[in-house]
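# Tertiary structure, described
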Amino acid sequence: MQFDDQGRVNKSKKRAVFNQPEAKNRVELFRHLPQYEHGSQLTDLESKFLELDSMHPAVYKVGVQYLAGDVTGGNARCIAMLRAFQEVINDYSTPPGKTLVRDLTAKISSYVSFLIECRPLSMSMGNAIRFQKSRIAKLPLTLSETEAKAALCNDIDRFINEKIILADKVIVRHAATKVRDGDVLLTYGSSCVVEMILLYAHELGKQFRVVVVDSRPKHEGQALLRRLLAKGLSCTYTHINAVSYIMHEVTRVFLGASSVLSNGTTYSRVGTACVAMVAHAFRVPVLICCEAYKFHERVQLDSICSNELGDSNDIARVPGRPDVNSMDNRTNEKNLQFLNLMYDATPSEYVSMIITDYGMIPPTSVPVIVREYRREYLLI
Amino acid sequence: MPDTQALVMTFLTSLKNATARQTAELLRSVISQQRVPYTNQAGALIDAVKAVGEQLIAANPVELAVGNIVRRVLHIIREEDLSLTTAAIGELNLSAVSDDENDDDRDGNTTLSAAAVAAAARSTLRPPSLQTLLEDTPVSAAVPQTSSSGAADKSSRSRKLKHDVIEAVNELIQDIVTCHEQIAEQAVEHIHQNEVILTLGSSRTVSEFLFAAKEKKRSFRVFVAEGAPRYQGHLLAKELVARGLQTTLITDSAVFAMISRVNMVIVGAHAVMANGGVIAPVGMNLVALAAQKHAVPFVVLAGSHKLCPLYPHNPEVLLNELRSPSELLDFGEFSDCMDFGSGSGSPLLHVVNPAFDYVPPKLVSLFITDAGGHNPSYMYRLIADYYSADDLVVQRRAIAGN
């Protein structure tokens, strides 16, 4: 939806479940994206809990988890949403005078728009929703309600199992062959697939070191660091500005992705493009680990046309640095804006290889997979 | 000289905040308090400055500006000595011609004996030939004592040398202090209307540059990358907003995302090496690579006192300094992993926190100094203006039989 179109924005506000005040100092370049004041959203939503009788509690719970930032990462968000939809389907009963197909689709759509209000959809979630709707639409009309509900729940289970859990196992097997003894592996932020790869390679007994690169404002790398250290891997921790300093001793770079687009661009956490660029300058191979269900037929050239904007207070406030934090009360100053991008687009020339459950492919093969294997959805 | 030694000691302890200007002021007091012998004054001054300079450089090798100023002062001493000697020789030729003139009316300075002048000329005018090197005799021994009128003249000549040197050092200090204005004057040539500028961290030269352009009514917007882990970008953004500039503060990870919409990158430098490479706050290499990929000009602002005559591959040059890990990680959370005493004796976790970044010359589009704009490939020529080849290694040579 275009957020620079005032008419549409007003219409969507009327349909909104909870109100979100728009941020005051919006960056001009990003007027087409939503940007809200994050302070009051969570309390507002919590206070509305008892009023939302049309909202299934499972979906509400997932929405609150997204808003609070408890559930992050493409896979985790997708699985949480699909489990919530399973509960919805289990508790569903067709109201008199309506067909299951149309009514259930409408319900799912309303839940999806609620989730979008909490946090814009990731690509993985978008693909899962499309899969879900196509499964509902393809239900044979001869099925009774209980059979239809059972079939749909089964489909969701199969989707999660095949597309996410088994796919991760295949990716880990493939990627572990690329880790040799004496390697120094660099990773950025926290990706669940990359973590699994590192732990699996460590279990296999390979001797390697890990470099974890982290950045503001989320410091996601620290959680990954803790989990790796608990398993006994030797790690180096640094921040993204020091990537040029550390890159000369790195042999491989493993990165996760939120999605890979059809022109080979990798859409992932902001900062991934910087890391891939420096690795390319130092001739270090960059491997993207991404399940195939995250591929998308969209194309994107830069990080500005489509992105997500986070809380600008996260930028203004630096935890633990009172000398810098005297900026905090200036978030409403007219000339000053804070930009908190969540994603960025890595050009395909920086990526050496993409490891998916369909194998290890170059970035140019992504549109082939999108075209050939989309039909597989219909065959389930 | 106990006075100068005490001064040097207090200076060394405060070397964290040492600037080029303070170094120059310290060396000026060293020179003014140095007692010079009648002959070879320049040599004595050079030795004194080298002694102090060695200590200064050893105290904080990463602070290249200190070494630069020491070498500048040494160059000044040699130059002043050279100009005095050429003046003396010039006047000696005159005196040879007008030999019958009345000696009393002449200026005291010019009545130097030919031998003394020739000896001085040998030491300064001619480059050391094999013969002088093999002789290895201190020049003062070869100079015969001059006749009576010499005493007053020599002291006035030595005073003149010190006086000239101190004047030149004062000029140097003045240059250092005003370098920001001279660089800022060139701002209007480089910033046009409706421009978008990106910078990282905070540099006084950059903020003065942008203010100067704003004064001349150019309207432009600035993206400031915050420059973790020191977060100086926040301070720069505050200053720019206070002056009425449209500023957007971004994280360092968003630099690649935003640089496609930027017209120019303007940054300051910690030091400029002789090959045109730049030593800058950490994160600058990232910005330079991104700017090259998107064909955005990468402009470095640096005063001429930041130009270092050494190359990055010289062993004396420490390109970097590693700072405390506590800026990145909370010690309390990870203390068991970073402890050398746990488990097998080596810690599982290393934290790397470099302070500087090296940007190779091929990524830099332009240097703007107080002497104008230059290509990175031209910077080595400026060294000849400011430094002498003898001073590249600031060490006192052990004099035989001392």
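Residues numbered from 1 in each chain as written. Chains lettered and ligands numbered in written order. Predicted model: local features only at pLDDT ≥ 70, side-chain atom pairs only at ≥ 80, totals over all residues. Heavy atoms only, no water.

An unreviewed UniProt entry lists chain B under the name Translation initiation factor eif-2b subunit beta, from Citrus sinensis.

Per an unreviewed UniProt entry, chain A goes by Nagb/rpia/coa transferase-like superfamily protein and derives from Citrus sinensis.

## Brief notes about the packing of aromatic side chains
Across all of its chains, the model carries six aromatic pairs over all chains by this definition. Seen from their ring centres, Tyr350(A) and Phe256(B) are 6.1 Å apart, and the 65 degrees between their planes marks the pair as edge-to-face. With one member in each of two chains, Tyr350(A) in the loop between strand S9 (343-346) and strand S10 (353-356) and Phe256(B) in helix H12 (residues 255-258) form a pair that bridges those chains. The exposure classification of Tyr350(A) matches that of Phe256(B), with both residues buried. Measuring from ring centre to ring centre gives 6.5 Å for Tyr386(B) and Tyr387(B), while their planes differ by 85 degrees; the resulting arrangement is edge-to-face. (Phe/Tyr/Trp six-rings, centres within 6.5 Å; stacked < 30°, edge-to-face > 60°. Helix = DSSP H or I, 4+ residues; strand = E, 2+ residues; numbered from the N terminus. Buried < 20%, exposed > 50% of the residue type's maximum accessible area, 1.4 Å probe, protein only.)

## Thoughts on the sheet that holds strand S6 (residues 278-281) of chain B
Working definition: the strands of a sheet are paired by backbone hydrogen bonds and lie parallel or antiparallel to each other. Residues and elements named next belong to chain B. Spatially, S5-S6-S9 is the arrangement adopted by the three strands of the open sheet, whose pairing is antiparallel. Every other strand in the sheet has two partners, leaving strand S5 (271-272) and strand S9 (356-359) as the edge strands with one partner each. Across two bridges, the pairing between S5 and S6 is antiparallel. What sits directly across from Ala271, in S6, is Ile279. The strands touched by helix H13 (residues 284-293) within the sheet are S6 and S9, with S9 carrying the most contacts at an inclination of about 30 degrees. (Pairing = 2+ DSSP bridges. Contact = heavy atoms within 4.5 Å. Axes fitted to C-alpha atoms, helices over the stretch in contact; angles between N-to-C directions.)

## Overview of the interface of chain B and chain A
Residue-level contacts link 50 residues of chain B with 55 residues of chain A. Carbon and sulfur atoms make up 64% of the surface buried where chain B meets chain A, a total of about 4,500 Å² over both sides. The interface formed by chain B and chain A includes three salt bridges. For Asp302(A), the salt bridge identified is with Arg261(B), shortest N-O distance 2.6 Å. Residues of the side of chain B that touches chain A, tallied by class, amount to 27 nonpolar, 14 polar and nine charged. As judged from the four bridges shared by strand S8 (residues 336-339) of chain A and strand S3 (residues 246-250) of chain B, these two strands associate in the parallel manner. Its bridge partner being in S3(B), Gln337(A) is matched across the sheet by Thr248(B). (Buried area = accessible area lost by both parts, 1.4 Å probe. Salt bridge = Lys/Arg side-chain N within 4 Å of Asp/Glu carboxyl O. Nonpolar A, V, L, I, M, F, W, Y, C, P; charged D, E, K, R; others polar.)

## What to know about the pairing of strand S10 (residues 366-369) of chain B
Look at any regular strand and the pattern is simple: side chains alternate between the two faces of the sheet. Residues and elements named next belong to chain B. Pairing of strand S7 (residues 298-301) with S10, which is carried by three bridges, proceeds in the parallel orientation. Paired with Leu301 across the bridge in S10 is Ile368. Of the strand pairs in this sheet, S10 and strand S11 (residues 372-374) are connected by three bridges, and their pairing is antiparallel. For Phe367, the partnering residue across the bridge sits in S11 and is His374. The antiparallel pairing of S10 with S11 creates a hairpin that spans two residues between the two strands.

## What to know about the pattern of salt bridges
Residues and elements named next belong to chain A. Counted by the stated rule, this structure contains 20 salt bridges over all chains. Ionic pairing is found between Asp157 and Arg83, a salt bridge with its closest N-O pair at 3.1 Å. Of this pair, Asp157 sits in helix H7 (residues 145-176) while Arg83 sits in helix H4 (residues 74-91), placing them 74 residues apart in sequence. According to the relative accessible area criterion, Asp157 is partly exposed, its value standing at 32%. Given the relative accessible area of 37%, Arg83 is considered partly exposed. Here Lys294 makes a salt bridge to Glu291, at a shortest N to O gap of 3.2 Å. Each member of the pair Lys294 and Glu291 is classed as buried.

## Focus on the state of the cysteines
Two cysteines form a disulfide when their sulfur atoms are joined by a covalent bond. All names here are of chain A. Overall, the coordinates contain zero disulfides over all chains when judged by the stated rule. Cys118 carries a free sulfur, and the closest cysteine sulfur to it, the one in Cys78, is 16 Å from it. By relative accessible area, Cys118 is classed as buried at 7%. The closest cysteine sulfur to the non-disulfide-bonded Cys274 is located on Cys305, 18 Å from its own sulfur. (Disulfide = S-S within 2.5 Å.)

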